Amino acid sequence: MEENETVKKKGHTDNVRLFKTGLILILLLILLVASFGFYRGMHDAIYDLFDYRYTNLIGSIFDLAIIAAILYVVREFYIKRQ
């Protein structure tokens, strides 16, 4: 009887882990879509706020900041773990 309860608890734990993993993946997908929307919106704001001569420069600086932030996150959370 005790072995049967252990199997049920293990199956329940696996289901909870699978649910949490699926939920995190869905939230990351939503975050990715929202990030693209923010990125496009920022480029539109740069175009509206700055003189046409400086929009490419400011847009490039913004893109460089995004690249730097992504590289920092990758280095901190993925490379250091290995």
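Residues numbered from 1 in each chain as written. Predicted model: local features only at pLDDT ≥ 70, side-chain atom pairs only at ≥ 80, totals over all residues. Heavy atoms only, no water.

## Brief notes about the overall build of the protein
Per the secondary structure count, the protein includes two helices and zero strands. Of all 82 residues assigned to the protein, the portion counted as buried reaches 5%. Of the roughly 7,800 Å² of accessible surface on the protein, 68% is carried by carbon and sulfur atoms. (Helix = DSSP H or I, 4+ residues; strand = E, 2+ residues; numbered from the N terminus. Buried < 20%, exposed > 50% of the residue type's maximum accessible area, 1.4 Å probe, protein only. Areas by Shrake-Rupley, 256 points an atom, 1.4 Å probe, with all protein chains shown as cover.)

## Considering the side chain of threonine 55
With respect to the helices and strands, the residue threonine 55 is situated in helix 2 (residues 55–79). When sequence neighbours within four positions are dropped, the list of residues in contact with threonine 55 reads Ile46, Tyr47 and Phe50. (Contact = heavy atoms within 4.5 Å.)

## Some words on the pattern of salt bridges
According to the stated counting rule, one finds two salt bridges in the structure shown. A salt bridge links aspartate 51 to arginine 53; the shortest N-O distance between them is 2.8 Å. On the basis of relative accessible area, arginine 53 is assigned to the exposed category, the value being 56%. (Salt bridge = Lys/Arg side-chain N within 4 Å of Asp/Glu carboxyl O.)

## Considerations on a nonpolar patch on the surface
Nonpolar side chains collect at one region of the surface, where Ile70, Tyr72, Val73, Val74, Phe77, Tyr78 and Ile79 lie side by side and expose about 700 Å² of accessible area between them. Within the element layout of this structure, valine 74 appears in helix 2. Its relative accessible area of 34% is what places valine 74 among the partly exposed residues. (Patch = residues over 30% accessible without salt bridge, like charges linked within 9 Å, V, L, I, M, F, W, Y side chains within 5 Å.)

## A few points about helix 2
Taking 1.5 Å of rise per residue, the 25 residues of helix 2 would be expected to cover 36 Å, and the 34 Å separating its terminal C-alpha atoms lies within 8% of that figure. Of the positions making up helix 2, those classed as buried are Thr55, Gly59 and Phe62. (Expected span 1.5 Å × (residues − 1).)

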